[in-house]
Structure formats: C-alpha cells, structure tokens
Amino acid sequence: MREIQVSVVMPCRNDGSTLFEATASIGLEAQPQVELIVVDDGSDDGETLRALEALESRGICVLHTAGEGPSAARNAGIRAAQGRYILPLDADDRIEPAYIAAAKAVLDDDPVCGAVYCHADLFGAASGPWMLPEYSPERMLVENVVFVTAMFRKEDWAAVGGFRTDMRDGLEDYDFFLGLLESGKTIRQLPEVYFHYRIKPKSRTTRLLEDAGATKRAYRSVFEHHQAYYEAHWREAICLLRDEAVQQRYEKERLAEINGLFARLRRLPLAKRLARRLMKRPEG
C-alpha cells in the first residue's frame, strides 16, 4: 500500500470545462506519494457532473458538499486527506508537478515554516507574470501576497481552525495565513514559477475588487479575527505605510519634474522645427 505524503485538495463548482486540465497539471501518475481529493461543492451542470464521474472511475476521491463555498469545500477535503502536507488547487488553475516536491522539501527541512508558495504567472483572459508585492511579514499586515495554492501541514491547519467559512466577501486565505503567522510560523516563497493562475472576466476575486464595500468588510473581518496580532505588530505596519507614502510622493514629484522638462523642450525653436519636418516627411 502506498504511503500518501501530500494531499492536493481541489474545490470544484461547475468547473467541468477546466477540471481535467487542472487535475492533469498535478502529474499524479509520476508521484505515487500524492493523492488528489476533488470536492464537488454543489455542481449542477452536466459537463461537470460527467467530468466528476470520470475522475471517480479512475480512482480519484470525489467528495460532495452542498454549495457551502470554497472554504467549507477545502476544509472537507483536508479533513479527509491522508497526507501530512496539504496543497489547495482550484479547479480552474494549474501547477507545475515539480512544485509539490520543492515545497515539501522546505517543510521537511524547516519545522518553523508554516507555508510555502512560489512565483506565479497568469493565463486566460490576461497573461504574463503575476506581479505580487514581495513577501514580508510586514507586508502581510497590510495586504495578502500569498495565494491559496501554498503548501502547509495538516496539523497547522487544524491548530489555527482551518479556513473560516463565515467570510462570504472573501479573503479567507489571507485570514488563514495570518493565523499561521500569529501562531509563530513563518512563510517562505520559492523563486521558481510553479503556479499558473487563470484570469476570468468574472470571478469571486474580480467581484470583490469591484465592490469597495465588500472589500472593506473583508479586511475589517480579517483585522477583527487577528486583533491581538495587529496590536503586537502595529509599529511595523505603520512604518511600512509611511515609507510607501514617502516613496509615492517622491515618485509623483519626479514625474511632475519630467513632465515639466518635456513641456519646456516642446517650446524650444529647434523642437518646433523638428516637429514641423516630421509632419511634412512623406510616407514610404
């Protein structure tokens, strides 16, 4: 009987069009120590239901929740997981198979490390590097820079209470990672691009970004859940915000200087003559 060390937990709700792509990216055939648990969170479209049946026929574990949201689906999958290490992966994203071994090696070597993530890029409606701010504990006080597809220990998930299911506006992954930091764990980032995040015209994340009220409520919930941690580290947060305000003011002043210089150059006689020549130059 194979020994499972890593459990990939994949919540799915009507993601039949991308489900096989996401599951194939794990490379299960070449990684016998890895299991995949797909959690169907109330899917009701035929394509997804057929895809889930196909996965079950291949021996992949498929659980069912009643449309309770991604946090509850992840928690259900993690509770059923056999692995010591957990890697959430949404059913419309992809990873590089090498991500699993690289993240596991960090957790094996560093018992204080609570989560490992990597660099990422975008695909779908937009493409290119995912330009997240550089990770630091100070940065995490202000905003989340760690995506949910990060590897962590199942025991640490249990110790912080799992993913909160009452954060309907989102940021439950941010709340979870702050819980790890609050418990004394650290977070590490791998320098390689191992995660591919699908951009869709409409998603839970885009809806949050477009709704200022929901965004404020979500961040307020995070603060209230970790108020003691913020009270212990408020100086670091204020220093980071102050430094960024100074930098933004400096960059704004420099941009104004550059714009003023170009405006003066455009008024010079030579610049005017060059502009007239360019406008008269025949094409071809």
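Refer to the structure presented above.
The structure displayed is predicted, hence computed values, not measured ones.

A. Representation of the side chain of Ser25 within the structure. Of note, Ser25 is situated in the loop between helix H1 (16-24) and strand S2 (34-41). Of the polar contacts made by the side chain of Ser25, one reaches the backbone oxygen of Ala22; its length is 2.7 Å. Apart from residues lying up to four places away in sequence, Ser25 is in contact with Leu89, Arg94, Ile95, Glu96 and Pro97.

B. Region of interest: the pattern of salt bridges. Considering all chains together, one arrives at 13 salt bridges under this definition. In this structure, Lys104 engages Asp108 in a salt bridge whose closest nitrogen and oxygen atoms are separated by 2.8 Å. Note that Lys104 and Asp108 are positioned in helix H4 (residues 98-109) at a spacing of four residues, about one turn of the helix. Of the residues examined, Lys104 reaches a relative accessible area of 15% and is grouped as buried.

C. Spotlight on the packing of aromatic side chains. Summed over the entire model, instances satisfying the criterion amount to 13 aromatic pairs. Look at Tyr117 and Tyr135: their rings are 6.3 Å apart centre to centre, the planes differ by 75°, and that puts the pair in the edge-to-face class. Separated by 18 residues along the polypeptide, Tyr117 in strand S6 (residues 113-124) and Tyr135 in the loop between strand S7 (128-129) and helix H5 (137-142) bring together distant segments of the chain. The class of Tyr117 is buried, set by a relative accessible area of 0%. By relative accessible area, Tyr135 is classed as buried at 16%. An aromatic cluster is built from Tyr117, Trp130, Tyr135, Phe147, Phe195 and Tyr197, whose rings are joined through pairwise contacts. The residue whose ring lies beneath Arg74 is Phe163, and the NZ or CZ to ring-centre distance is 5.7 Å. The lysine or arginine in question, Arg94, covers the ring of Phe123, its NZ or CZ lying 4.1 Å from the ring centre.

D. Local environment of the nonpolar core. Counting residues in each nonpolar core, the largest one holds 69 residues, and the members touching the most others are Val38, Tyr99 and Met140. If one sorts the elements of this core by residue count, S6 sits on top with seven residues.

E. A look at the pairing of strand S3 (residues 61-65). Here S2 pairs with S3 via five bridges, running parallel. Considered in S3, the bridge of Val39 is made with Leu63. For the segment spanning S2, helix H2 (residues 46-57) and S3, crossover handedness is right-handed.

F. Representation of the packing of helix H7 (residues 172-182) against helix H9 (residues 212-225) in the model. Packing of H7 against H9 leaves a shortest axis separation of 10 Å and a crossing angle of 20°. By the angle between their directions, the pair H7 and H9 is classed as roughly parallel. Here H7 and H9 pass one another in a crossing that is right-handed. Residues Tyr174, Asp175 and Leu178 of H7 form the contact with H9, whose own contacting residues are Tyr219, Val222 and His225. A per-class count over the contact of H7 with H9 returns four nonpolar, one polar and one charged.

The rules behind these values
Residues numbered from 1 in each chain as written. Predicted model: local features only at pLDDT ≥ 70, side-chain atom pairs only at ≥ 80, totals over all residues. Heavy atoms only, no water. Helix = DSSP H or I, 4+ residues; strand = E, 2+ residues; numbered from the N terminus. Polar contact = N/O pair within 3.5 Å; in protein donor to acceptor, adjacent residues only side chain to side chain. Contact = heavy atoms within 4.5 Å. Salt bridge = Lys/Arg side-chain N within 4 Å of Asp/Glu carboxyl O. Buried < 20%, exposed > 50% of the residue type's maximum accessible area, 1.4 Å probe, protein only. Phe/Tyr/Trp six-rings, centres within 6.5 Å; stacked < 30°, edge-to-face > 60°. Lys NZ or Arg CZ within 6 Å of the ring centre and 35° of its normal. Core = buried A, V, L, I, M, F, W, Y, C linked by side-chain atoms within 4.5 Å. Pairing = 2+ DSSP bridges. Right-handed = clockwise from strand over helix to strand, strands pointing away. Axes fitted to C-alpha atoms, helices over the stretch in contact; angles between N-to-C directions. Parallel < 35°, antiparallel > 145°, perpendicular 65-115°, else oblique. Left-handed = near helix turned anticlockwise from the far one by under 90°. Nonpolar A, V, L, I, M, F, W, Y, C, P; charged D, E, K, R; others polar.

Read these as spatial facts, not as claims about activity.
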